[in-house]
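Examination of the molecular architecture
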Amino acid sequence: MKRIVRAPAKINLGLDTPHAYARGVLEWKMVMISVDLADDLQIETTSANSHIQVFSDKGFLPEGNRNLAYQAARVFKHAAQIDDGITIHIQKRIPVSAGLGGGSSDAAAVLRTLNDMYQTNFSDRQLEELGLKIDSDVPYCVYGKPALVTGKGDQITPLQPLPACWLVIAKPGVSISTLKLLRSVKHDELSHPNIDALIAAIQTGNYEQMVANMGNALEAVAAKNHPEVNILKERMLKAGADGAQMSGSGPTVFGICRQLSRAKRVYNSISGFCREVYLVAPVGEGA
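Keep in mind that this is a model prediction, so the values were computed, not measured. Every chain is numbered on its own, with residues counted from 1 as its sequence reads. At least 70 in pLDDT is required for a residue's local features to be given in this predicted model, at least 80 for side-chain atom pairs to be given and counted, and no such filter applies to totals for whole chains, interfaces and linings, which use all residues. The side-chain figures draw on all heavy atoms in the structure; neither hydrogens nor water molecules are used.

**Structural notes on the pattern of salt bridges**
One side-chain nitrogen of Lys or Arg within 4 Å of one carboxyl oxygen of Asp or Glu is enough to make a salt bridge. Evaluated as defined, the whole model comprises 12 salt bridges. Close ionic contact of Lys-10 with Asp-137 constitutes a salt bridge, the shortest N to O distance being 3.9 Å. Of this pair, Lys-10 sits in strand 1 (residues 2–16) while Asp-137 sits in the loop between helix 3 (124–132) and helix 4 (138–143), placing them 127 residues apart in sequence. Neither Lys-10 nor Asp-137 differs from the other in exposure class; each is buried. Where helices and strands are cited, they refer to DSSP runs of H or I of at least four residues and of E of at least two residues respectively, numbered from the N terminus. When a residue's accessible area, from a 1.4 Å probe over protein chains only, is under 20% of the maximum for its type it is buried; when over 50% it is exposed; and in between it is partly exposed.

**Focus: the packing of aromatic side chains**
Planes of paired rings set the category: under 30 degrees apart is stacked, over 60 is edge-to-face and the rest tilted, where pairs are Phe, Tyr or Trp rings (Trp by its six-membered ring) whose centres lie within 6.5 Å. Taken as a whole and assessed by the stated rule, the structure comprises two aromatic pairs. Ring geometry for Phe-76 against Tyr-118: centres 6.3 Å apart, planes inclined by 35°, an arrangement best described as tilted. Of the two residues, Phe-76 sits in helix 1 (residues 68–80) while Tyr-118 sits in the loop between helix 2 (102–117) and helix 3, which places them 42 residues apart along the sequence. Residue classification places Phe-76 among the buried residues on the basis of a relative accessible area of 0%. Geometrically, the ring pair formed by Phe-76 and Phe-122 is edge-to-face, given 5.8 Å between the ring centres and 80° between the ring planes. Separated by 46 residues along the polypeptide, Phe-76 in helix 1 and Phe-122 in the loop between helix 2 and helix 3 bring together distant segments of the chain. Taken together through their ring pairs, the aromatic side chains of Phe-76, Tyr-118 and Phe-122 make up a single cluster.

**Focus on unusual backbone geometry**
With an omega dihedral of 5°, the bond running from Gly-250 to Pro-251 counts as a cis peptide bond. As for its placement among the helices and strands, Pro-251 is situated in the loop between strand 9 (243–246) and strand 10 (253–257). If you check the backbone angles, Asn-121 has positive phi at about 60° while not being a glycine. Within the secondary structure, Asn-121 is located in the loop between helix 2 and helix 3.

**Focus: helix 6 (residues 195–204)**
Within helix 6, the full set of buried residues consists of Ile-195, Leu-198, Ile-199, Ala-201 and Ile-202. Along helix 6, the residues classed as buried sweep out an arc of 160° about the axis, all on the same side. Here the buried face of helix 6 lies against strand 1, strand 2 (28–46), strand 5 (147–151) and helix 7 (207–212). Where helix 6 ends, the next residue or the one after it, Gly-205, has phi of about 70°, a positive value. Picture the helix axis, draw a direction to every C-beta atom, and the arc is the one those directions span. The contact rule is simple, with two residues in contact once any of their heavy atoms fall within 4.5 Å.

**Looking at the environment of Ser-105**
Turning to its location among the elements, Ser-105 is positioned in helix 2. The class for Ser-105 is buried, based on a relative accessible area of 2%. Sequence separation between Ser-105 and Lys-10 is 95 residues; the distance between their C-alpha atoms is 7.8 Å. The contact partners of Ser-105, leaving out residues within four places of it in the chain, are Ala-7, Pro-8 and Cys-141. Within 3.5 Å is the distance limit for a polar contact, defined as a pair of N or O atoms, with the added protein rule that one can donate a hydrogen and the other accept it, and that residues adjacent in sequence qualify only through two side-chain atoms. Here Pro-8 takes part through its backbone oxygen, which lies 2.7 Å from a polar atom of the side chain of Ser-105.

None of this, on its own, says anything about what the molecule does.
So this is what it looks like as structure tokens:
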């Protein structure tokens, strides 16, 4: 059996971590959306062997057990009690180590696709639980529509579709280790965005209030060692973005615009400064 599927990037319109659980595991409160920047995956199964193999057009991706798509195939095989071999080819378009959930989205695509190919009838909730064994972003990526994500990343509350808008995504020429960044978080020093106000704006379709209440509690932490984050934000706002902030643990920054013509202007401005720049729209219908 063979399938070709898309794995869209995710963006954090809001990200807060109110406190840490025991042993340093973080509790999240995030508003997440998916956008039409996506990896393409070819997933093929065979009864000739039981091996899991992952290949990519990008040579710097993790291999074997360090690759989240590999982990997803292994977790699914165990849950479904399947012995077949699985080969995954990934055409990467989502920047790596960027705060855009590329690896998590690939893993979610593997879980969804294998569930369909084998007709195992795992519910979305069951797939999300499997995804949590891989990474905290995988449960959302299984869902893939505007949502409030809480707890350890496992509690998904659907939201309404976003008001019509466009996003310009730019990744500077640096990468940030999520684990290293999270280890440096001091909760008493974080600035917490108003996630509830952001949700209310989305639910009522109020674009201006949505933009006004976006925020990322990890942004200032990342910007301490990576000034590129603030530089990109300032450039996007100066070029005409209605709002701009870092996504996830960074270093990628996105600017949001209500009008496509304005987004194109921001895109053109940032393209002369940053190599990895994308003009995208939200995907997923929401609640």
